[in-house]
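Chain by chain, the residues:
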Amino acid sequence: MKILRCSAQLQHLEGILRKSLPLALPVFGAVLNINRGNPGHFEVLVDKWPEFGAVLARPSGEVASGDMRHCRRGVTRCPGTCQVCSEHPWVPLAGFVGPRGHWGALGLDLGILGAGLGYWAHWKQGFGPAPGVRVGSLSPSHVDLLNDTWPYGGNARSRRFLAEILGRFPQVCLQDGSGQPIAWVLTDHFGTGTHSYTLPEHRRRGHMQVALTLAARRAHARGFPTFG
């Protein structure tokens, strides 16, 4: 496969993939990140150019394995549709298996930023953090908290992954009056919501609605699609 390094080619690819949304979402976010400074140090490969039929996003210069196995996604372009590929064979959309299970589960992650779109109108009318809650950000000192509260966390591998995305990609955090995190939304190499969580003692107060809304607004402002 051919690695696309030319900025003009990458911009052209972004435009083509945008027209194939939402089916191109598995790789589209990675292309957007690459075209916006490439904070994840990724690369994009195509089977041929410019009449490509398959696109793969992966860590730059690496063949995904071990800790990076979950960091490869691709799409194939078929007449009138797109199919998602797994790490090895190209397979139909319904059969895609990713790090969080089958496509249905992954689809929830892909749409998580878009879940806040429904609250934009409320935000414009003064909808925002509750009294005593402020918008802040997570820091490296919060990695253990993230690892302990992530459904796929609790081990050294997940901790390394969370530390990486925390340092490289946009995130939203709501804090209490003392500056402690109470709810947050993290994004990853593919522009998808990776770890969204509200501490149990702060639930049922609308904090996640606020965090998702802000995350969606920020993502949309950077050119990322938001789907609910």
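Basis of the calculations
- Residues numbered from 1 in each chain as written.
- Predicted model: local features only at pLDDT ≥ 70, side-chain atom pairs only at ≥ 80, totals over all residues.
- Heavy atoms only, no water.
- Core = buried A, V, L, I, M, F, W, Y, C linked by side-chain atoms within 4.5 Å.
- Buried < 20%, exposed > 50% of the residue type's maximum accessible area, 1.4 Å probe, protein only.
- Helix = DSSP H or I, 4+ residues; strand = E, 2+ residues; numbered from the N terminus.
- Contact = heavy atoms within 4.5 Å.
- Phe/Tyr/Trp six-rings, centres within 6.5 Å; stacked < 30°, edge-to-face > 60°.
- Lys NZ or Arg CZ within 6 Å of the ring centre and 35° of its normal.
- UniProt positions renumbered as here; feature names shortened; annotations may be inferred.
- Pairing = 2+ DSSP bridges.
- Polar contact = N/O pair within 3.5 Å; in protein donor to acceptor, adjacent residues only side chain to side chain.

Section: the nonpolar core
One finds L13, L17, V44 and V55 to be the most contacted residues of the largest nonpolar core, which totals 21 residues. Put simply, the parts of the chain that give this core at least two residues each are α1 (7-18), α2 (25-34), β2 (42-46) and β3 (54-59). Top contributing element to this core by residue count: α2, with six residues. The contacts of L13, once residues within four sequence positions are left out, are L4, V31, V44, W49, F52 and V55.

A word on the packing of aromatic side chains
Considering all chains together, one arrives at five aromatic pairs under this definition. Between F42 and F190, the aromatic rings sit 5.6 Å apart at their centres with planes inclined by 85 degrees, giving edge-to-face as the arrangement. Separated by 148 residues along the polypeptide, F42 in strand β2 and F190 in the loop between β10 (181-187) and β11 (193-198) bring together distant segments of the chain. You'll find F42 and F190 in the same group, each marked buried. Through a chain of ring-to-ring contacts, three or more aromatic side chains come together here, namely W150, Y152 and F161. Over the face of the ring belonging to Y197 we find R203, whose NZ or CZ atom lies 5.1 Å from the ring centre.

Some words on the UniProt feature "domain: Glycine N-acyltransferase N-terminal" (unreviewed entry) in the protein
Using the residue numbers shown here, the UniProt feature "domain: Glycine N-acyltransferase N-terminal" (unreviewed entry) corresponds to residues 1-71 and 131-170. Taken as a whole, residues 131-170 contains 50% helix and 8% strand, while its terminal C-alpha atoms sit 24 Å from one another.

Observations concerning the pairing of β11
Judged by how many residues are buried, β11 sits mostly within the fold: five of six residues are covered. Judged from the five bridges that link them, β10 and β11 form a sheet pairing that is antiparallel. Bridged to T187 within β11 is G193. Here β10 folds back onto β11, and the loop between the two strands holds five residues, one of which, G191, carries a positive phi near 70 degrees.

Quick word on the side chain of T149
Tracing the backbone through its elements, the reader meets T149 in helix α5 (residues 143-149). Taking relative accessible area as the criterion, T149 reaches 15% and is therefore assigned buried. A polar contact is formed between the side chain of T149 and the backbone oxygen of L145, at a distance of 2.8 Å. A polar side-chain atom of T149 sits 3.1 Å from a polar atom in the side chain of H195.

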